[in-house]
Amino acid sequence: MGRLRRISEGPNISDGAESRPMSHPTTDDRSRVGLLIVISGPTAAGKTTIGREVAARRHRAIHIDGDFIQRLIITGSITMDIPPPAGALDQLRLRFQAALAVANLYRDAGFDAIISDNLFAEEAHRFIESAISAHPARLIHFVMLNPSVEAIWDRYNQRPGGGYTATLTPEVLKDAVERTPRVGLWLDTSQMTTAQTADQVLERLHQAEVGPDVPPAASNERS
């Protein structure tokens, strides 16, 4: 397939840069179809925090966290690892489908839906195609948070909870990022604050648009 648009690389903004607040619509228009904004990135890149911040700046919006959906499973949950344990990919795809179903339900009611989850490589391609095929007239906005490995490790060591294992590491996920279709808005957030990243996402939302011609994920082979 042809590439819809060249990706937009975000600036590497220092923490001291000025943050600009976003303006919001003043009407409560329940007849509009809400936007779909998908935020991906390696674990500890800040997907959940940014997803909530972006939702908070919209007039009517929900935030759907993939990890939260996974925690809905009380018994039988399978933790992702490398290589994936039996059933792990099925559960991952199930939570992607659940997130999209909830997003579309609220979008039909006029809410913007922001999904944050680990969408990389072929799984990102599959998800974007599914979202577009379900509603061909609706654009999806895809944002990849792409900080350096060093920044990911630093943030990971400062946050509670887990996410990485001996084999599922920031380096492994950064490789998966590189195999993700190069569409939407990609931001190097290594030196960005939460507010600065949300500013970039919303100010450049038009650059995050992805249409039907999604390029396939890159292979593992290096040229």
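Since the structure is predicted, the reported quantities are computational estimates derived from the model, not experimental observations. (Residues numbered from 1 in each chain as written. Predicted model: local features only at pLDDT ≥ 70, side-chain atom pairs only at ≥ 80, totals over all residues. Heavy atoms only, no water.)

1. Notes on the packing of helix 5 (residues 149-158) against helix 6 (residues 170-178)
Rule in force here: To get an axis, fit a line to the C-alpha atoms, keeping to the stretch in contact for a helix; angles then go from 0 to 180 degrees between the N-to-C directions. Here a strand is any run of E in DSSP of at least two residues, a helix any run of H or I of at least four, and the numbering for each starts at the N terminus. Roughly parallel here means an angle under 35 degrees, roughly antiparallel means over 145, roughly perpendicular means 65 to 115, and every remaining angle is called oblique. Crossing handedness follows the turn of the near helix against the far one: under a right angle anticlockwise gives a left-handed crossing, and clockwise gives a right-handed one. The contact rule is simple, with two residues in contact once any of their heavy atoms fall within 4.5 Å. Only Asp, Glu, Lys and Arg are considered charged in this grouping, and only Ala, Val, Leu, Ile, Met, Phe, Trp, Tyr, Cys and Pro are considered nonpolar; every other residue, Gly among them, is considered polar.
For the pair helix 5 and helix 6, the least separation of the axes is 10 Å and the interaxial angle reads 130 degrees. By the angle class used here, helix 5 and helix 6 are oblique. The handedness of the crossing between helix 5 and helix 6 is right-handed. Here helix 5 contributes Val149, Ile152 and Trp153 to the contact with helix 6, which in turn contributes Pro170, Glu171 and Lys174. Per-class residue counts for the contact of helix 5 with helix 6 are four nonpolar, no polar and two charged.

2. A closer look at the pattern of salt bridges
Defined as follows: One side-chain nitrogen of Lys or Arg within 4 Å of one carboxyl oxygen of Asp or Glu is enough to make a salt bridge. Residue exposure (1.4 Å probe, protein chains only): buried if accessible area is under 20% of the type maximum, exposed if over 50%, otherwise partly exposed.
If you walk through the whole model with that rule in mind, you get eleven salt bridges. The residue Asp199 makes a salt bridge to Arg57 at a minimum N-O spacing of 2.4 Å. With Asp199 in helix 7 (residues 194-203) and Arg57 in helix 1 (residues 47-57), the pair connects residues that are 142 residues apart, well separated along the chain. Per residue, the accessibility class of Asp199 equals that of Arg57, and both read buried.

3. Details of helix 3 (residues 88-108)
What counts, and what does not: Expected helix span is taken as 1.5 Å per residue step, with the number of steps being one fewer than the number of residues.
Between its terminal C-alpha atoms helix 3 stretches 31 Å, which fits the 30 Å expected from 21 residues at 1.5 Å a residue. Among the residues of helix 3, those classed as buried are Ala88, Gln91, Leu92, Arg95, Phe96, Ala99, Leu100, Ala103, Asn104 and Arg107. Structurally, helix 3 contributes buried residues whose contacts are with strand 2 (36-40), strand 3 (61-65), helix 2 (66-71), strand 4 (112-116) and helix 4 (121-134).

4. Some remarks on the pairing of strand 2
Operational definition: Pairing between strands is defined by DSSP: at least two bridges between them are needed.
With five of its five residues buried, strand 2 lies for the most part within the structure. Both faces of strand 2 are covered, namely the face carrying Leu36, Val38 and Ser40 and the face carrying Ile37 and Ile39. Relative to strand 4, strand 2 is paired through four bridges, and the arrangement is parallel. In the strand pairing of strand 4, Ile37 is matched with Ile114. When strand 2 meets strand 5 (residues 140-145), the two strands line up parallel, connected through five bridges. In the strand pairing of strand 5, Val38 is matched with Phe142.

5. Here's the deal with the nonpolar core
Cut-off, in case you're wondering: Put simply, buried Ala, Val, Leu, Ile, Met, Phe, Trp, Tyr and Cys residues joined by side-chain atoms within 4.5 Å make one nonpolar core.
Counting 35 residues, the largest nonpolar core has Leu36, Phe127, Ile128, Ile140 and Phe142 as its most contacted members. Within the residue set of this core, elements represented by two or more residues are strand 2, strand 3, helix 3, strand 4, helix 4, strand 5, helix 5 and helix 6. Tallying contributions element by element places helix 4 first for this core, with six residues. Leaving out residues up to four positions away in the same chain, Phe127 has contacts with Val38, Phe96, Leu100, Ile115, Leu119 and Ile140. Residues Ile37, Ile50, Leu145 and Leu185 belong to the second largest nonpolar core, which totals 16 residues.

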